[in-house]
Amino acid sequence: MAARILDGKALARSIQQRLAEEVSAFADQSGRAPGMAVVLIGDDPASAVYVRNKEKAARKLGMHSEVVRLPDNAAREQVLAAIARSAEDPLVDGMLVQLPVPPHLDPVELQHAVPASKDVDGLHPANAGRLLLGQPGGLIACTPRGVMAVLEHEGVELEGAQAVIVGRSNIVGKPLSLLLLARHATVTLCHSRTRDLAAVCRRADVLVAAVGVPGLIGLEHIKPGAVVIDVGTNSITDPALAERLLAGQLRRLERFRDKAVALVGDVQFAAARERAACVTPVPGGIGPLTVTMLLENTLIAARYRQGREQRRVGDASSMSG
Ligand code: NDP
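Please read these numbers as outputs of a predicted model, since none were measured by experiment.

The rules behind each value
Residues numbered from 1 in each chain as written. Predicted model: local features only at pLDDT ≥ 70, side-chain atom pairs only at ≥ 80, totals over all residues. Heavy atoms only, no water. Helix = DSSP H or I, 4+ residues; strand = E, 2+ residues; numbered from the N terminus. Buried < 20%, exposed > 50% of the residue type's maximum accessible area, 1.4 Å probe, protein only. Contact = heavy atoms within 4.5 Å. Areas by Shrake-Rupley, 256 points an atom, 1.4 Å probe, with all protein chains shown as cover. Pairing = 2+ DSSP bridges. Axes fitted to C-alpha atoms, helices over the stretch in contact; angles between N-to-C directions.

**Student:** Just to check I follow, could you spell out the overall build of the chain for this structure?
**Tutor:** From N to C terminus, the chain includes twelve helices and eleven strands. A principal-axis box enclosing the C-alpha atoms of the chain has dimensions of 70 × 45 × 35 Å. Within the chain, the fraction of its 321 residues that count as buried is 48%. Partitioning the intrachain contacts of the chain with sequence separation of at least 6 by distance along the chain shows that 69% fall at a separation of at least 24. Split by element, the accessible area of the chain, about 15800 Å² in all, is 54% carbon and sulfur.

Right, dumping it as structure tokens:
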């Protein structure tokens, strides 16, 4: 039987409906909407699309949203000053630096300039450390949270399950390994030096691909009945590759022939359809959930801040009393 397709778009829509209510309740209570800022440096076309989507989604939910645009040749000091302004801005609860940044800038330095309390990407050492130590009160990277939301929604049994993640980045693979571990999965993290990747992947009850190599994961990597989560987002223009990876998806193949570009995942979709129990598609799988979790992280950051401010007021009044 063909694997079920896990509709990330529909799940994202239903989570966003709940978030819209929570945003409105927050605004009623605190007199302001939660706010998000994205720092965008340069004119990378893919980044421009991602940032537009984030901004649109935030506004739709009733959040305050702003994009801080800087030119491609912006000096390090200019970028750090822009980050510092958003960090100080009382209208901004959550912020991030859109990657990739131009080569003369150090992405890690810029990410660490975002204060932990506003770091909705979960990349600040204080947030990454909290996740590692299992401490509450931090912000956790959006894509791993999106993957967990799908697994939870599907009722996938994680306790004792073999979970294999291909990709060990700070933004996807590593934080996801910790979230799965916290749910008592037995986690294996694979990377470019892993020997016999297919054999390791074939052990997986839950297989997550977050690599950035179109169609890396094929039939030989998938255990029959596995849950396959495809995080990869790859834009392809090679007709031979498109014919191979979009085989059987006639409408998408036609669109590729028309536009000469297609978005595909790290998993060969036809292989997952044949062997897995369920699979997230690309597009329409983890992507919409990542944006949704960014919105939720902004709301979480706003609530933490509100809590801190209330505690400060409480402390001040108890001192004066
Ligand atoms: P990175 O480039 O930071 O990391 C890629 C990882 O894949 C590395 O750990 C690398 O290993 C590993 N890798 C590369 N080639 C192989 C191989 N042949 N076999 C096994 N492992 C390999 O990528 P990201 O984590 O940032 O992103 C991964 C993918 O997910 C990309 O396609 C990206 O576009 C997509 N993405 C999608 C999101 C969404 O919302 N849907 C959000 C974030 C990312 P090593 O460490 O040894 O170099």
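Still more to cover.
**Student:** So what exactly am I meant to see when it comes to the sheet that holds strand β11 (residues 278-279) here?
**Tutor:** Sheet architecture is open: six strands sit in the order β1-β11-β8-β7-β5-β6, paired in parallel fashion. Since the sheet does not close on itself, it has two edges, and those belong to β1 (4-5) and β6 (186-190), each with one partner. Pairing geometry for strand β5 (residues 162-166) and strand β7 (residues 206-209), over four bridges, is parallel. What sits directly across from V164, in β7, is L207. Together, β7 and β8 (227-230) form the strand contacts of helix α6 (residues 142-153), whose direction differs from that of β8 by roughly 150°. The strands that helix α7 (residues 173-182) touches are β5, β6 and β7; relative to β6, the one it contacts most, it runs at about 170°.

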